[in-house]
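Descriptive structure summary
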Amino acid sequence: VAGALAMNQFQRLAARAGQGREADDATVGLPRTGRGPQPAQALGNASDDATAIVANAALKSVGYELTDRRAKQRAGEFVHLAFGAINGAVYGLAAELDGRVTPAAGVPFGASVWAVADEGVVPALGLSRGPREASPGLLAFGFLSHCVYGVTTELVRRSLRPR
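Presented here is a report on the structure given in the accompanying data block. These numbers come from a predicted model, not from an experiment.

1. Notes on a nonpolar patch on the surface
On the surface, a nonpolar cluster with roughly 290 Å² of combined accessible area is contributed by V116, V121 and L125. Mapped onto the elements, V116 comes out in helix 5 (residues 107–124). The exposure class of V116 is exposed, given its relative accessible area of 54%.

2. Description of the packing of aromatic side chains
Within the structure shown, the criterion is met by three aromatic pairs. Taking the centre distance of 5.3 Å and the plane angle of 40° together, the rings of F109 and Y149 count as tilted. Note that F109 is positioned in helix 5 and Y149 in helix 6 (residues 136–160), a separation of 40 residues in sequence. Both residues of the pair, F109 and Y149, count as buried. Cluster of aromatic residues (ring-pair linked, three or more members): Y91, F109 and Y149.

3. Some remarks on the environment of R132
Within the secondary structure, R132 sits in the loop between helix 5 and helix 6. Sequence separation between R132 and V116 is 16 residues, and the spatial gap between their C-alpha atoms is 15 Å.

4. Looking at unusual backbone geometry
For A104, which is not glycine, the phi torsion reads 55° and is therefore positive. By the secondary structure assignment, A104 is in the loop between helix 4 (69–97) and helix 5. Of note, the phi angle at A105 is positive, near 55°, even though the residue is not glycine. Its location among the elements puts A105 in the loop between helix 4 and helix 5. The exposure class of A105 is partly exposed, given its relative accessible area of 26%.

5. Quick notes on helix 6
Here helix 6 contains 25 residues, and its C-alpha end-to-end distance of 36 Å stays within 8% of the 36 Å for a straight helix at 1.5 Å per residue. Among the residues of helix 6, L138, F141, G142, S145, H146, C147, Y149, G150, T152, T153, E154 and R157 are the ones counted as buried. Elements that come into contact with the buried residues of helix 6 comprise helix 1 (2–17), helix 2 (38–41), helix 4 and helix 5.

6. Points about the packing of helix 1 against helix 6
Two elements in contact, helix 1 and helix 6, have axes separated by 8 Å at closest approach and are oriented at 145°. Our pair here, helix 1 against helix 6, has a crossing hand that is right-handed. From helix 1, A2, G3, A4, A6, M7, F10, Q11 and A14 reach across to helix 6, where they touch F141, L144, S145, H146, V148, Y149, T152, T153 and V156. Of the residues contributing to the contact of helix 1 with helix 6, the split by class is 11 nonpolar, six polar and no charged.

7. Considerations on the side chain of T153
Within the secondary structure, T153 sits in helix 6. Here T153 falls in the buried class, since its relative accessible area comes to 12%. Polar side-chain contacts of T153 include one of 2.7 Å to the backbone oxygen of Y149. Once you skip the residues sitting within four places of it in the chain, T153 turns out to touch G3, G88, Y91 and F109.

Parameters at a glance
- Residues numbered from 1 in each chain as written.
- Predicted model: local features only at pLDDT ≥ 70, side-chain atom pairs only at ≥ 80, totals over all residues.
- Heavy atoms only, no water.
- Patch = residues over 30% accessible without salt bridge, like charges linked within 9 Å, V, L, I, M, F, W, Y side chains within 5 Å.
- Areas by Shrake-Rupley, 256 points an atom, 1.4 Å probe, with all protein chains shown as cover.
- Salt bridge = Lys/Arg side-chain N within 4 Å of Asp/Glu carboxyl O.
- Helix = DSSP H or I, 4+ residues; strand = E, 2+ residues; numbered from the N terminus.
- Buried < 20%, exposed > 50% of the residue type's maximum accessible area, 1.4 Å probe, protein only.
- Phe/Tyr/Trp six-rings, centres within 6.5 Å; stacked < 30°, edge-to-face > 60°.
- Expected span 1.5 Å × (residues − 1).
- Contact = heavy atoms within 4.5 Å.
- Axes fitted to C-alpha atoms, helices over the stretch in contact; angles between N-to-C directions.
- Left-handed = near helix turned anticlockwise from the far one by under 90°.
- Nonpolar A, V, L, I, M, F, W, Y, C, P; charged D, E, K, R; others polar.
- Polar contact = N/O pair within 3.5 Å; in protein donor to acceptor, adjacent residues only side chain to side chain.

So yeah, pure geometry; function would need other evidence.
Put into C-alpha coordinates, the structure is as follows:
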(Lines give C-alpha, C1' and ligand atoms only; values in the text may rest on other atoms or scores of the structure.)
Protein backbone atom coordinates (compact mmCIF):
# COMPACT_ATOMS: atom_id res chain seq x y z
CA VAL A 1 0.00 0.00 0.00
CA ALA A 2 2.87 2.37 0.83
CA GLY A 3 4.33 1.86 -2.64
CA ALA A 4 1.02 2.70 -4.32
CA LEU A 5 0.58 5.77 -2.13
CA ALA A 6 4.12 6.97 -2.93
CA MET A 7 3.35 6.40 -6.60
CA ASN A 8 0.27 8.63 -6.27
CA GLN A 9 2.35 11.40 -4.69
CA PHE A 10 4.89 11.18 -7.50
CA GLN A 11 2.05 11.45 -10.00
CA ARG A 12 0.64 14.53 -8.28
CA LEU A 13 4.02 16.20 -8.67
CA ALA A 14 4.29 15.11 -12.31
CA ALA A 15 0.82 16.45 -13.10
CA ARG A 16 1.63 19.77 -11.42
CA ALA A 17 4.87 20.04 -13.37
CA GLY A 18 2.91 19.43 -16.59
CA GLN A 19 0.24 22.06 -15.86
CA GLY A 20 -2.29 19.41 -14.89
CA ARG A 21 -1.40 16.70 -17.40
CA GLU A 22 1.30 14.07 -17.24
CA ALA A 23 2.13 14.28 -20.97
CA ASP A 24 0.77 16.06 -24.03
CA ASP A 25 -1.20 12.98 -25.06
CA ALA A 26 -2.58 12.18 -21.60
CA THR A 27 -6.32 11.52 -21.62
CA VAL A 28 -8.38 14.55 -20.63
CA GLY A 29 -10.64 14.65 -17.60
CA LEU A 30 -10.48 14.63 -13.84
CA PRO A 31 -9.29 13.32 -11.49
CA ARG A 32 -5.67 12.91 -12.51
CA THR A 33 -4.26 11.06 -9.50
CA GLY A 34 -5.04 8.36 -6.97
CA ARG A 35 -5.33 5.43 -9.32
CA GLY A 36 -1.89 4.89 -10.72
CA PRO A 37 -1.12 6.07 -14.25
CA GLN A 38 -4.38 4.73 -15.57
CA PRO A 39 -6.24 8.07 -15.93
CA ALA A 40 -3.52 9.30 -18.28
CA GLN A 41 -3.88 6.21 -20.48
CA ALA A 42 -7.65 5.83 -20.20
CA LEU A 43 -9.87 5.29 -23.20
CA GLY A 44 -12.26 8.22 -23.48
CA ASN A 45 -12.24 10.22 -20.25
CA ALA A 46 -9.77 9.98 -17.37
CA SER A 47 -12.59 9.44 -14.85
CA ASP A 48 -13.42 6.15 -16.62
CA ASP A 49 -9.98 4.59 -16.39
CA ALA A 50 -9.13 0.90 -15.94
CA THR A 51 -9.41 0.92 -12.15
CA ALA A 52 -12.85 2.55 -12.27
CA ILE A 53 -13.99 0.05 -14.90
CA VAL A 54 -12.76 -2.91 -12.80
CA ALA A 55 -14.38 -1.52 -9.65
CA ASN A 56 -17.69 -0.98 -11.43
CA ALA A 57 -17.61 -4.47 -12.96
CA ALA A 58 -16.99 -6.01 -9.54
CA LEU A 59 -19.85 -4.05 -8.02
CA LYS A 60 -22.19 -4.88 -10.93
CA SER A 61 -21.57 -8.57 -10.22
CA VAL A 62 -23.26 -8.06 -6.84
CA GLY A 63 -26.07 -5.93 -8.23
CA TYR A 64 -24.72 -2.41 -7.65
CA GLU A 65 -23.61 0.06 -10.31
CA LEU A 66 -21.57 3.22 -9.85
CA THR A 67 -22.89 6.22 -11.72
CA ASP A 68 -21.45 9.13 -9.73
CA ARG A 69 -18.01 10.30 -10.94
CA ARG A 70 -16.72 10.75 -7.38
CA ALA A 71 -17.88 7.26 -6.39
CA LYS A 72 -16.09 5.83 -9.44
CA GLN A 73 -12.94 7.68 -8.39
CA ARG A 74 -13.06 6.32 -4.85
CA ALA A 75 -13.72 2.78 -6.03
CA GLY A 76 -10.89 3.11 -8.55
CA GLU A 77 -8.55 4.32 -5.80
CA PHE A 78 -9.45 1.22 -3.78
CA VAL A 79 -8.73 -1.04 -6.76
CA HIS A 80 -5.36 0.67 -7.32
CA LEU A 81 -4.34 0.35 -3.66
CA ALA A 82 -5.53 -3.27 -3.49
CA PHE A 83 -3.62 -4.14 -6.66
CA GLY A 84 -0.51 -2.46 -5.27
CA ALA A 85 -0.86 -4.28 -1.96
CA ILE A 86 -1.33 -7.68 -3.58
CA ASN A 87 1.67 -7.22 -5.86
CA GLY A 88 3.72 -5.90 -2.96
CA ALA A 89 2.83 -8.92 -0.83
CA VAL A 90 3.82 -11.31 -3.63
CA TYR A 91 7.08 -9.38 -4.05
CA GLY A 92 7.76 -9.50 -0.30
CA LEU A 93 7.20 -13.25 -0.21
CA ALA A 94 9.41 -13.80 -3.26
CA ALA A 95 12.12 -11.60 -1.71
CA GLU A 96 12.09 -13.64 1.48
CA LEU A 97 12.35 -16.90 -0.46
CA ASP A 98 15.07 -15.72 -2.82
CA GLY A 99 17.24 -12.67 -2.19
CA ARG A 100 18.00 -12.35 -5.90
CA VAL A 101 14.57 -10.74 -6.29
CA THR A 102 15.64 -7.51 -4.56
CA PRO A 103 18.41 -5.99 -6.71
CA ALA A 104 18.48 -2.28 -7.51
CA ALA A 105 16.27 -1.41 -4.52
CA GLY A 106 13.00 -2.62 -6.11
CA VAL A 107 13.33 -0.87 -9.49
CA PRO A 108 13.13 -4.14 -11.48
CA PHE A 109 10.03 -5.12 -9.51
CA GLY A 110 8.28 -1.82 -10.26
CA ALA A 111 9.36 -1.92 -13.90
CA SER A 112 8.01 -5.47 -14.21
CA VAL A 113 4.60 -4.47 -12.84
CA TRP A 114 4.55 -1.58 -15.33
CA ALA A 115 5.50 -3.76 -18.30
CA VAL A 116 3.24 -6.71 -17.50
CA ALA A 117 0.17 -4.98 -16.06
CA ASP A 118 0.01 -1.41 -17.38
CA GLU A 119 1.51 -1.97 -20.81
CA GLY A 120 0.48 -5.61 -21.30
CA VAL A 121 -2.55 -7.05 -19.54
CA VAL A 122 -4.62 -3.88 -19.02
CA PRO A 123 -4.46 -2.78 -22.71
CA ALA A 124 -4.95 -6.40 -23.87
CA LEU A 125 -8.21 -6.47 -21.90
CA GLY A 126 -9.29 -3.27 -23.66
CA LEU A 127 -9.18 -1.22 -20.46
CA SER A 128 -6.63 1.39 -21.58
CA ARG A 129 -4.50 2.54 -24.48
CA GLY A 130 -1.50 0.37 -25.18
CA PRO A 131 2.16 1.35 -25.48
CA ARG A 132 1.92 1.84 -29.26
CA GLU A 133 -0.76 4.48 -28.70
CA ALA A 134 1.24 6.47 -26.13
CA SER A 135 4.00 9.02 -26.52
CA PRO A 136 7.48 8.41 -25.10
CA GLY A 137 6.62 11.02 -22.43
CA LEU A 138 3.50 9.17 -21.34
CA LEU A 139 5.35 5.85 -21.27
CA ALA A 140 8.15 7.44 -19.22
CA PHE A 141 5.54 8.78 -16.79
CA GLY A 142 4.12 5.28 -16.26
CA PHE A 143 7.56 3.69 -16.02
CA LEU A 144 8.89 6.21 -13.49
CA SER A 145 5.68 5.97 -11.45
CA HIS A 146 6.17 2.24 -11.14
CA CYS A 147 9.85 2.64 -10.28
CA VAL A 148 8.76 4.85 -7.35
CA TYR A 149 6.29 2.10 -6.40
CA GLY A 150 8.99 -0.58 -6.55
CA VAL A 151 11.59 1.38 -4.59
CA THR A 152 9.08 2.34 -1.88
CA THR A 153 7.83 -1.24 -1.62
CA GLU A 154 11.38 -2.53 -1.21
CA LEU A 155 12.26 0.14 1.38
CA VAL A 156 9.17 -0.72 3.42
CA ARG A 157 9.94 -4.45 3.11
CA ARG A 158 13.49 -3.88 4.37
CA SER A 159 12.32 -1.70 7.24
CA LEU A 160 9.78 -4.32 8.41
CA ARG A 161 12.15 -7.25 8.12
CA PRO A 162 13.78 -8.40 11.37
CA ARG A 163 17.52 -7.82 11.32
